[in-house]
Amino acid sequence: GGTRARARASLSSASSLVGTWRRARSGLVSSTCCATASPSYDAPSNISGGTQLESLSKLSEVVRNTVVLEEGGTFKDATCSSAAAVTSRILLKVLRNPVGLRQYEQPIKSALAYIEQTQPKEKDSLGLVHCSLDKAMVNLGSMLAEQVDGRVSTEVDARFANDKDKIVEQVLYLSKLYEEVGVGNDRVLYRIPATWDGIQAAKVLEAQGIQTLLTLVCSLTQCIAAAEAGVSVVQLYVGRVRDWYRKHPNAIRNPDGPREDAGLSSFDADPGRELVSKCYNYLHKFYPKTKLMAGDIRSKEDALSIAGCDYIVLRPQIIEELQGTPSMLGYNDGLIATKDYADLMPELSPEKAEATKFSDRYTKGWGSEKEFMESMGECGRDLLQKSLQRYCDSFEQLEPYFSKISGIRTN
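Please read all numbers here as calculations on a predicted model, not as lab measurements. Along every chain, residues carry numbers that run from 1 in the direction the sequence is written. At least 70 in pLDDT is required for a residue's local features to be given in this predicted model, at least 80 for side-chain atom pairs to be given and counted, and no such filter applies to totals for whole chains, interfaces and linings, which use all residues. The side-chain figures draw on all heavy atoms in the structure; neither hydrogens nor water molecules are used.

Caption draft 1: Just the overall build of the protein, in detail. If you tally the helices and strands in the protein, you get 15 helices and 10 strands. The cut-offs for exposure are 20% and 50% of the maximum accessible area for each residue type, with area from a 1.4 Å probe on protein chains only; residues under the lower value are buried, those over the upper are exposed, and the others partly exposed. Within the protein, buried positions represent 48% of all 411 residues. When contacts within the protein are restricted to residue pairs at least 6 apart in sequence, those whose partners lie at least 24 apart make up 71%. Strands here mean DSSP runs of E at least two residues long; helices mean DSSP runs of H or I at least four residues long; both are numbered from the N terminus. The contact criterion used throughout is that any non-hydrogen atoms of two residues lie within 4.5 Å.

Caption draft 2: Helix α7 (residues 164–180), seen in detail. Expected span, for any helix, means 1.5 Å times one less than how many residues it has. Across its 17 residues, α7 extends 25 Å between first and last C-alpha, which sits within 8% of the 24 Å expected from 1.5 Å per residue. The set of residues buried in α7 consists of I167, V168, Q170, V171, Y173, L174, S175, L177 and Y178. In protein, a polar contact means a hydrogen-donor-capable atom and an acceptor-capable atom, both N or O and within 3.5 Å, with residues adjacent in sequence counting only if both atoms are side-chain atoms; elsewhere, any N or O pair within 3.5 Å suffices. Looking at where α7 begins, the residue whose side-chain oxygen comes 3.3 Å from the main-chain nitrogen of D165 is D163. Just past α7, the residue G182 takes up positive phi, approximately 85°.

Caption draft 3: Structural view of helix α13 (residues 316–323). Taken together, the buried positions of α13 are occupied by P316, I318, I319 and L322. Taken end-on, α13 shows its buried residues confined to a sector of 165°, consistent with a single buried face. Facing away from the buried side of α13 by over 90 degrees, the exposed positions are Q317 and E320. In this structure, the buried side of α13 is in contact with β1 (50–51), α2 (52–57), β2 (61–64), α12 (300–305) and β9 (311–314). Taking the helix axis as origin, the arc is that swept by the directions to the C-beta atoms.

Caption draft 4: Just the pattern of salt bridges, in detail. The salt bridge criterion pairs a side-chain nitrogen of Lys or Arg with a carboxyl oxygen of Asp or Glu, the two atoms within 4 Å. By the definition in use, this model includes 11 salt bridges. The salt bridge partner of K300 is E301, with a shortest N-O separation of 3.9 Å. On the basis of relative accessible area, K300 is assigned to the buried category, the value being 12%. What you see here is one network of salt bridges that share partners, running through D157, R159, E396 and E399.

Caption draft 5: Examining the sheet that holds strand β7 (residues 233–237) more closely. Pairs of strands are assigned from DSSP output, requiring at least two bridges between the strands. Pairing within the open sheet is parallel, and its eight strands lie in the order β2-β9-β8-β7-β6-β5-β4-β3. Looking at strand neighbours, the two that pair on one side only are β2 and β3 (84–86), the edges of this open sheet. Mean inter-strand twist for the sheet, computed between neighbouring axes without regard to direction, equals 25°. As paired strands, strand β8 (residues 291–295) and β9 are joined by two bridges and run parallel to one another. Looking at β9, one finds that M293 is bridged to Y311. Lines fitted to the C-alpha atoms define the axes, with helices restricted to the stretch that makes contact. Angles between their N-to-C directions range from 0 to 180 degrees. Strands β3 and β4 (152–155) of the sheet are contacted by helix α6 (residues 128–145), whose axis makes an angle of about 170° with β3. Along the sheet, helix α8 (residues 196–207) contacts β5 (188–193) and β6 (212–217); its crossing angle with β6, the most-contacted strand, is approximately 165°.

Caption draft 6: Quick look at the packing of helix α10 (residues 238–247) against helix α11 (residues 271–286). At a closest axis distance of 7 Å, the pairing of α10 and α11 adopts a crossing angle of 130°. On the basis of the axis angle, α10 is oblique to α11. On α11, the residues that touch V238, V241, R242 and Y245 of α10 are P271, G272, R273, L275 and V276. Looking at side-chain class alone, the contact of α10 with α11 contains six nonpolar, one polar and two charged residues. By the definition adopted for this analysis, an angle is roughly parallel if under 35 degrees, roughly antiparallel if over 145, roughly perpendicular if from 65 to 115, and oblique otherwise. In this count, Pro and Cys sit with the nonpolar residues alongside Ala, Val, Leu, Ile, Met, Phe, Trp and Tyr, while Asp, Glu, Lys and Arg are called charged and the others, Gly among them, polar.

Caption draft 7: The packing of aromatic side chains, seen in detail. Each aromatic pair joins two rings of Phe, Tyr and Trp (for Trp, the six-membered one) with centres within 6.5 Å, and gets the label stacked for planes under 30 degrees apart, edge-to-face for over 60, and tilted for any other angle. This model, assessed by the stated rule, comprises seven aromatic pairs. Both rings, one in Y282 and one in F286, keep their centres 4.8 Å apart while their planes meet at 50°; by these two values the pair is tilted. You can see Y282 and its partner F286 sitting in helix α11, four residues apart, about one turn around the helix. Ring centres of Y282 and F358 lie 5.1 Å apart, and the angle between their planes is 85°; this geometry places the pair in the edge-to-face category. Here the residue Y282 occupies a position in helix α11, and F358 occupies one in the loop between α14 (350–355) and α15 (369–406), the gap between them amounting to 76 residues. Every member of this aromatic cluster is reached through a ring pair, and the members are Y282, F286, Y287 and F358. Geometry around Y391 places R89 over its ring, the cationic atom sitting 4.3 Å from the centre. Geometrically, a lysine NZ or arginine CZ counts as sitting over a ring once it is within 6 Å of the ring centre and also within 35 degrees of the ring normal.

Caption draft 8: Seen up close, the nonpolar core. Put simply, buried Ala, Val, Leu, Ile, Met, Phe, Trp, Tyr and Cys residues joined by side-chain atoms within 4.5 Å make one nonpolar core. Membership of the largest hydrophobic core comes to 106 residues, with the highest contact counts inside it found for V276, L292, I297 and L314. Not counting residues within four places of it along the chain, the set of residues in contact with L314 comprises V62, V63, R64, N65, I297, A303, I319 and L322. Residues A83, L213, Y311 and V313 belong to the second largest nonpolar core, which totals eight residues.

Caption draft 9: A look at the packing of helix α9 (residues 220–228) against α11. Relative orientation of the contacting elements α9 and α11 amounts to 25°, with a least axis distance of 10 Å. As the angle between them shows, α9 and α11 are arranged roughly parallel. Note that α9 runs across α11; the crossing there is right-handed. The residues of α11 that touch α9, namely those facing L220, C223, I224 and A227, are L275, K278, C279, Y282 and L283. Across the contact of α9 with α11, the residue classes break down as eight nonpolar, no polar and one charged. Working rule for handedness: look at the near helix, and if it is turned counterclockwise from the far one by less than a right angle, call the crossing left-handed; if clockwise, right-handed.

Caption draft 10: Summary view of unusual backbone geometry. The phi dihedral of L216 falls on the positive side, at around 60°, and the residue is not glycine. Judged by relative accessible area, which is 0%, L216 ranks as buried. Backbone geometry places D296, a non-glycine residue, at a positive phi of 55°.

Caption draft 11: Structural context of the environment of L91. Tracing the chain through its elements places L91 in helix α3 (residues 88–96). A relative accessible area of 0% means that L91 is categorised as buried. Taking C-alpha positions, L91 is 9.3 Å from S394, a pair spaced 303 residues apart along the chain. In this structure L91 touches I108, L133, A136, M137, L140 and L398, once residues within four positions along its chain are discounted.

The following block contains the structure:
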């Protein structure tokens, strides 16, 4: 009898265990079913949910570098069109292609009629043609301001690059014209060449609440001087700096580093990208209110190598290439779902900037234009001079159009 009792107890225990296993299994299935039905669950997939453009845009503001679109398209319809620019080259493009860009032609041509009607006092010092050109810039800029959420940068005449007072006068006039058409100073950046006088003019304007963008920056010296002046944005050019050093292989790349023949060469490093890194680190360490914009980006590799830079200006072709390249953003293989993870890590960050050390000669400033020019180095001086000449040529090519419209000739 005892043996039978023990057998019945064992059978009861086994049945209990089987029941427990079945209930556990049932609970597991039930739990899995609930998870499948849950809206927070991501079904496994090996298809990327994002692109390299999305990943880059999480770290930097990507800005399209074309403001005038072909065949009547509007800027607001384009990818990465949060900001826009009005330059002498843009005006030339419109005037040379009046059919494809007809929507922009009339606002430019109507500028002269406005100047003749209002007779602004600036006409005596700047001239009729120049005032008309400024009004054309503003007319086009105000159109673009309606198409973007951010700011519209407007170019200052490069022929005034070495005349602080002329730069200030022109910017104040442009600002007045913008206000007349309802575009406030908070929506405009004035593009000023980063010469000694340009930087001094920007200092005066920023003190009056007028935002400036210092362009043609090709050296750390220019960046530092611009930051000390309190400018809003500094723009430098990756491709131009790289090209210059390729043409001048014996030039000193880093005055604080080892010589290229000392066995510790950084010859293979990209000088354009290095300049972006140095300027970003300096600004974010000492002058975080001044933002860095990187232009003349030649490839998507250039763009990805400076991820984290405040603004990156890209050609439409590079934007499309980044947009067409899948990233790990949103990837889910059933084990890991990367909703918030981007496969692109920041090359530049405020934390890295804070940890960067700079030589004392970069923190004392420059007391004169001579010291400033010497500190710029051969690359900075050469690129500034050549770039200024191209910008001046653009304005020279513009004036005949306005002279023709007004029926006058310039000397």
